[in-house]
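# What the coordinates show
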Protein chains: 2
Amino acid sequence: MFQSFDDASEPAAGPGRLARLRERLAAEGLDGFLVPRADEHQGEYVPKAAERLAWLTGFTGSAGFAVVLADAAAVFVDGRYTLQVREQTDERAYARCHVVETPPARWLAERLKGGMRIGYDPMLHTVAQVRRFEKACAEKGATLEPVAENPIDAIWDGRPAPALGTVRLHPSELAGASPAEKLAKLEAALGKAGVDAAVLTQPDSIAWLFNVRGSDVAHNPVPLAFAVLRTGAPPQLFIDGRKLSNAVRAELSEVAEIAEPAKLAPALEALGQGGARVLLDPDLTADAIGRRIAAAGGVVVEGQDPVLLPKAVKNAAEIAGTRRAHLRDGAAVTRFLRWLEETAPRGGLDEIAVAEALERFRAETGALKDISFDTISGAGAHAALPHYRVTRASSAPLRMNEIYLIDSGGQYEDGTTDITRTVIVGQPTAEMRDRFTRVLAGMIAVSTARFPVGTTGAQLDPLARVALWKAGLDFDHGTGHGVGVYLSVHEGPQRISKLGTTPLEAGMILSNEPGYYKEGAFGIRIENLLLVTPAEPIEGGERPMHGFETLTFAPIDRRLIEPSQLAPADRSWLDAYHAKVAALIGPLVDEETRAWLMAATAPLGG
Amino acid sequence: MFQSFDDASEPAAGPGRLARLRERLAAEGLDGFLVPRADEHQGEYVPKAAERLAWLTGFTGSAGFAVVLADAAAVFVDGRYTLQVREQTDERAYARCHVVETPPARWLAERLKGGMRIGYDPMLHTVAQVRRFEKACAEKGATLEPVAENPIDAIWDGRPAPALGTVRLHPSELAGASPAEKLAKLEAALGKAGVDAAVLTQPDSIAWLFNVRGSDVAHNPVPLAFAVLRTGAPPQLFIDGRKLSNAVRAELSEVAEIAEPAKLAPALEALGQGGARVLLDPDLTADAIGRRIAAAGGVVVEGQDPVLLPKAVKNAAEIAGTRRAHLRDGAAVTRFLRWLEETAPRGGLDEIAVAEALERFRAETGALKDISFDTISGAGAHAALPHYRVTRASSAPLRMNEIYLIDSGGQYEDGTTDITRTVIVGQPTAEMRDRFTRVLAGMIAVSTARFPVGTTGAQLDPLARVALWKAGLDFDHGTGHGVGVYLSVHEGPQRISKLGTTPLEAGMILSNEPGYYKEGAFGIRIENLLLVTPAEPIEGGERPMHGFETLTFAPIDRRLIEPSQLAPADRSWLDAYHAKVAALIGPLVDEETRAWLMAATAPLGG
């Protein structure tokens with residue numbers, strides 16, 4: 001099993017560890033310390049050795065922040081984790097704050113006094129983040145000070161060893177381009193941007209660029225590493241040598257100079273001393289990196305990670321691989337859905353059992369490298385929590401006449417999938433059918449959108465909501481995120497949300513996952529992945545338009561649809577989609593599943 | 001007539017005036033000078049005495065910019081004016097640039113050399129604008145220098161006298177609140193924002209705040225003036241005393257200290273010397289104002305003009321007045337549309353004659369104070385120019401089987417209107433009907449939108465485009481702008497466009513005007529004004545939702561609609577809208593017009 005359902009939190013240990021941290025801070029003359037969840041790479045997942053926030057506070061969510069002062073401490077989380085943080089932390093030790101209502105910098109500012117010294121680990125905070133905290137400190141006459149050694153690491157007995165996942169070469173027939181080709185384009189882009197070098201700190205950027213994969217963190221097949229691109233010189237790759245076999249090292253050495261991560265700092269200093277103009281992404285790059293370049297005399301040029309956009313725009317090989325992965329995954333999901341429909345009404349299933357079953361169906365493809373994130377498996381009221389993570393303690397049974405929602409994905413060598421299906425066990429209520437149909441209408445509105453070159457995800461996001469808005473409803477998350485190819489299931493810069501300012505380009509992959517959540521009752525989400533299609537004029541039209549190709553193939557529960565609520569064009573889309581699911585997935589499954597699939601994908605009545 | 005159809009441009013005078021300006025610059029040791037179209041108030045209209053750009057270059061459009069150097073000069077315009085600028089300026093004197101493709105600051109930077117001194121009039125450029133030019137100059141080692149006297153004014157023989165439009169009191173039963181009430185709320189808001197004062201430079205902000213109207217510029221009934229709001233002291237109003245009758249002066253003196261505009265500078269210095277924190281809007285306020293405050297020791301706090309939002313959110317009296325104005329205007333437009341339908345097919349009408357006729361119908365209401373902007377009256381291919389302004393030279397005849405588009409509005413004491421109707425003279429082609437129906441579908445999608453509290457105009461803008469996008473079509477302007485009440489027909493911050501980042505609030509008025517333009521052939525735009533309705537939960541819904549009330553009542557040409565292309569709900573909306581037009585406007589027009597109106601608003605067939 002790639003997923004663990006254990007609750008790794010140790011809330012009881014929190015107060016003692018906090019007291020030891022405070023002793024340490026006092027010994028170093030610090031009045032406070034910032035504790036982010038992030039590691040040096042600012043990724044969604046961190047290795048065990050970097051789970052400082054969880055070790056210190058007990059909170060194990062994927063996004064959080066703590067501030068520790070001598071006489072106060074607080075943990076900051078977003079709306080996904082307001083319940084979880086209360087269960088996982090000790091309220092006598094930590095105030096629990098909503099990160100939007102009470103941002104950490106403001107909480108800190110309200111408690112700062114002139115002359116106070118607040119420490120932070122400059123490898124764990126981005127340039128932009130440190131700027132915000134520096135401003136808050138300066139306004140109160142306090143100072144924000146980078147520390148040379150993280151005081152948590154100093155007191156963390158039994159800290160796990162660093163992740164040393166073996167690095168594998170990613171076949172170039174799947175990657176579609178060699179590292180040398182990718183590097184040549186990037187070097188040209190850097191030259192055009194007038195910079196001498198660029199620092200890469202995102203593991204998925206580095207994995208994509210050098211056609212390697214790793215296993216240092218959960219679910220994202222990336223090696224933790226840094227890289228420096230240079231115009232007129234080979235790139236430098238900073239990676240723990242113990243992760244490289246001789247063969248991999250030899251291959252990488254063809255295109256890069258390989259060094260230990262500890263050599264990053266001297267390399268940055270060398271760049272600075274040469275007066276280089278060095279590009280870094282202030283929202284992704286550690287503060288220490290910018291500081292080191294500037295201190296040595298270099299010029300920091302802030303801009304987007306130059307790999308983000310080339311990685312987001314998939315090439316023909318990546319698209320072909322992704323299509324294959326989705327057919328394979330769709331067959332596994334279809335077998336699972338049949339099993340679920342037949343098994344759930346008999347009783348005895350709980351959320352963990354169902355998540356385990358789905359992983360088993362995926363594993364039976366023989367190609368599953370990992371799941372692409374922890375499966376969200378929610379029955380009844382749990383389905384109303386968009387980011388619910390089932391644990392042994394929370395796992396609820398699937399009951400008759402309740403909704404069950406499962407959001408999951410697979411990592412295959414040729415592609416990454418992400419799919420959500422919501423099904424009814426037994427009979428739905430009229431309200432469930434109404435809500436499901438509105439969510440489906442929004443999902444179809446995005447799936448069928450045509451849009452001019454230059455259109456952003458922010459412009460498409462409202463299309464997913466209009467049918468809900470008409471009924472006084474909405475959902476509180478974006479409509480979609482970017483997806484990698486055997487890389488991160490969440491990647492930027494493309495996204496369909498209010499914050500999606502990047503124009504969508506042909507070859508980008510995005511999720512399309514509107515939802516509806518009724519607190520304490522039920523939740524709905526329907527998710528397919530979409531590929532942005534090339535900009536071509538529509539017949540009779542005037543402008544080059546993009547559209548979407550749906551990549552995900554699995555039945556959508558027709559029992560939850562109220563056909564009379566769907567526009568004729570939307571009904572046609574659903575019937576055509578289901579016909580395609582039957583045609584593509586039917587040949588990939590056993591006869592019994594195929595018979596079930598034919599019924600599940602029959603045209604809508606009504 | 002409030003509209004002039006004369007072409008006031010003098011292209012032939014351009015080169016001579018440019019030569020004299022260059023002499024003057026040389027005498028003052030300047031290597032260049034920036035010439036904006038704006039006056040001190042950054043409004044859409046400027047008084048004749050401020051038409052420096054038009055005097056110098058010949059270009060009379062409502063937005064433009066010139067940069068003059070010793071050996072080069074250029075005029076910068078947006079897409080609306082690329083044709084006009086070529087006709088109105090002398091190409092031997094001026095390069096003509098598209099302001100987006102070649103921004104003035106970039107054009108200038110490409111020609112700057114170290115040590116050059118570029119002058120600008122600091123009362124004519126905003127704080128934000130100067131910042132951009134300073135950056136461009138600094139990068140080339142040149143300096144941007146404010147001038148004490150505008151060199152154009154120094155060489156402008158026969159410069160018109162300053163505008164001295166008489167100021168009138170705006171009745172408080174129409175304004176819905178007294179200046180004292182408005183000032184009390186603003187003072188509280190300034191205190192909460194932690195500032196001691198705020199500078200107002202927008203004439204419509206000042207007119208709204210003090211319940212006055214004026215006539216210094218065309219079509220916007222505002223007096224040119226400045227004001228300074230102060231916490232704990234009465235506001236200062238800087239206005240030419242010759243515009244004030246004794247009665248108006250007495251009324252204004254009750255709430256403000258009145259002084260000549262020349263006293264603004266000393267007042268800013270006094271604020272600065274007192275160390276005051278002074279709010280100003282960097283996108284609207286003259287650079288000179290911020291400089292003066294800072295130079296005297298004050299703290300400039302940048303933020304939105306504090307009047308913008310209170311003015312945009314209309315109170316009950318303003319809404320009631322606006323509804324009355326729209327019924328009155330709708331009756332005039334309906335009489336006009338009947339006249340047009342009966343007269344145009346006989347031949348002999350041209351664009352000017354039609355615009356004159358509409359103004360006549362509006363004048364016959366007995367309540368017309370002005371038109372709210374120069375009527376856009378476009379026949380055939382001219383309708384494809386979204387901002388076409390008809391002149392004696394351009395006025396085209398209305399021909400059979402061609403489209404005619406008219407975008408116009410009235411200023412009444414109780415409200416400001418803005419309406420576009422597109423009609424066919426004779427028979428439309430299938431293409432015209434297809435395009436018209438798609439534009440109408442977009443217009444209806446916005447009219448019927450329900451949206452959660454916090455939704456911005458940017459989120460609604462795509463709804464107006466989806467039907468066009470499906471056919472590979474689009475339009476290159478925003479969907480809607482804010483509208484004042486007997487004030488500017490274009491006001492912020494509310495707007496329905498990609499740039500509309502302000503959440504829509506109950507009481508805001510916006511236009512809803514999608515279009516389609518086929519270059520050289522025909523153009524379509526359909527425009528109603530909308531009022532944002534209060535946030536109330538929809539029955540069975542969960543969230544407080546806004547919606548729109550349509551304020552504009554006049555028939556939409558059914559001959560241009562292809563009913564089979566409209567969704568049933570959209571057809572119902574149109575029929576219900578037309579029934580309401582008939583019910584509300586029918587009683588306000590003569591019997592013959594009423595008979596025509598009943599036919600024009602009959603339910604759609606097909």
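Residues numbered from 1 in each chain as written. Chains lettered and ligands numbered in written order. Predicted model: local features only at pLDDT ≥ 70, side-chain atom pairs only at ≥ 80, totals over all residues. Heavy atoms only, no water.

## What about the overall build of chain A?
The following threshold applies: Secondary structure elements are taken from DSSP: a helix is a run of H or I of four residues or more, a strand is a run of E of two residues or more, and numbering for both begins at the N terminus. Here the globule rule is a power law, 2.2 Å times the number of residues to the power 0.38, and the radius of gyration is based on C-alpha atoms. Three labels apply to residues, based on accessible area from a 1.4 Å probe with only protein chains included: buried if under 20% of the type maximum, exposed if over 50%, partly exposed otherwise in between. Two residues qualify as a contact provided that any one of their heavy atoms is within 4.5 Å of a heavy atom in the partner residue. For the area figures, the Shrake-Rupley method with a 1.4 Å probe applies, and any residue is considered shielded solely by the protein chains shown.
Along the backbone of chain A there are 20 helices and 30 strands. The C-alpha atoms of chain A give 25 Å as radius of gyration, which agrees with the globular expectation for 606 residues (25 Å, within 12%). Looking at chain A residue by residue over its 606 residues, the buried ones come to 58%. The long-range share in chain A, meaning contacts at least 24 apart out of those at least 6 apart in sequence, stands at 70%. About 22,800 Å² of surface is accessible on chain A, with carbon and sulfur atoms providing 52% of the total.

## Considering the relation of the copies chain B and chain A
As a reminder, the rule being used: Least-squares superposition of the copies uses the C-alpha atoms of those residues scoring a pLDDT of at least 70 in each of them.
With an axial shift of 0.1 Å and an RMSD of 0.1 Å, the rotation relating chain B to chain A amounts to 180°. Such values leave the two copies arranged in the relation of a two-fold axis. Of the C-alpha atoms belonging to chain B, the one lying closest to the rotation axis is found on Q459 of chain B, 3.3 Å away. Both copies share a contact surface, since 100% of the interface residues of chain B are interface residues in chain A too.

## Examining the confidence of the model for chain A
Caution applies to low-pLDDT parts of the model: their predicted coordinates are not meant to be read in detail. Applicable threshold: Looking at any residue, its pLDDT shows the predictor's confidence there, from 0 to 100.
Residues at a pLDDT of 70 or more form 100% of chain A, whose mean pLDDT is 96. The ipTM for the predicted assembly is 0.91, set against a pTM of 0.94.

## Points about helix α16 (residues 430-447) of chain A
Here is the rule we go by: One fewer than the residue count of a helix, multiplied by 1.5 Å, yields its expected span.
With 18 residues, α16 of chain A should cover 26 Å at 1.5 Å per step; its first-to-last C-alpha distance of 25 Å lies within 8% of that length. For α16 of chain A, a buried count of 14 out of 18 residues is recorded, marking the element as mostly surrounded by other parts of the structure.

## Notes on the packing of aromatic side chains
This is how the line gets drawn: Pairs were defined over the aromatic rings of Phe, Tyr and Trp, the Trp ring being its six-membered one, requiring ring centres within 6.5 Å. Orientation was assigned from the angle between planes: stacked under 30 degrees, edge-to-face over 60, tilted for the rest. Here, a charge over a ring is recorded when the distance from Lys NZ or Arg CZ to the ring centre is within 6 Å and its angle to the ring normal is within 35 degrees.
Taken as a whole and assessed by the stated rule, the structure comprises 22 aromatic pairs over all chains. Measuring from centroid to centroid gives 6.1 Å for F553 of chain A and Y577 of chain A, while their planes differ by 20°, and the two rings are stacked. Highlighted residues: F553 of chain A in the loop between β30 (548-550) and α19 (568-585) and Y577 of chain A in helix α19, separated in sequence by 24 residues. Neither residue differs from the other here; F553 of chain A and Y577 of chain A are each classed as buried. Put simply, the rings of F336, W339 and F361 of chain A pair up and form one aromatic cluster. Lying over the aromatic face of Y412 of chain A, R328 of chain A brings its terminal NZ or CZ to 5.1 Å of the ring centre. Here R435 of chain B stacks its cationic end above the ring of Y516 of chain B, 5.5 Å away from the centre of that ring.

## What about the nonpolar core?
To be explicit about the condition: Among buried residues, those of type Ala, Val, Leu, Ile, Met, Phe, Trp, Tyr and Cys that are joined through side-chain atoms within 4.5 Å constitute a nonpolar core.
If you look at the biggest cluster of nonpolar residues, it comprises 159 residues, and the most contacted ones within it are L340 and F548 of chain A together with L340 and F548 of chain B. Not counting residues up to four positions away in its chain, the partners in contact with L340 of chain A are P345, L349, V354, L398, Y404 and V423 of chain A. Counting 40 residues, the second-largest nonpolar core is a separate cluster that includes A198, A227, L229 and L279 of chain B.

## Focus: the interface of chain B and chain A
Where we set the bar: Joining two parts hides part of their accessible area as seen by a 1.4 Å probe, and the buried area is that hidden amount summed over both. Criterion for a salt bridge: a side-chain nitrogen of Lys or Arg within 4 Å of a carboxyl oxygen of Asp or Glu. N or O atoms closer than or at 3.5 Å make up a polar contact, with two conditions inside protein: a donor-capable atom paired with an acceptor-capable one, and, for residues adjacent in sequence, both atoms drawn from side chains.
Across the boundary between the two partners, chain B contributes 29 residues, which contact 29 residues of chain A. Buried area between chain B and chain A, both sides added, is near 2,300 Å², and the carbon and sulfur share of it is 51%. Together, Q459, W469 and R543 of chain B form the three largest contributors to the area buried by chain B at its contact with chain A, with a combined 27%. Residue D476 of chain B pairs with R543 of chain A through a salt bridge whose shortest N-O separation is 2.8 Å. Taken together, the links from chain B to chain A amount to 14 residue pairs in polar contact (both at pLDDT 80 or more). Listed by contribution, the elements that provide at least two residues to the side of chain B that touches chain A are β21 (451-452), α17 (457-460), α18 (466-469) and β25 (515-518) of chain B.

## Brief notes about the pairing of strand β17 (residues 402-408) of chain B
Residue and element names in this part refer to chain B. Here is the rule we go by: At least two bridges found by DSSP between two strands is the condition for calling them paired.
Of all seven residues making up β17, six are buried, and the element is well covered by its neighbours. Of the strand pairs in this sheet, strand β16 (residues 376-379) and β17 are connected by four bridges, and their pairing is antiparallel. Across the sheet, the residue bridging to S377 is I406, located in β17. Summarising the sheet, β17 and strand β20 (residues 419-425) pair through seven bridges and their orientation is antiparallel. Within β20, the position partnered with I406 by the bridge is R421.

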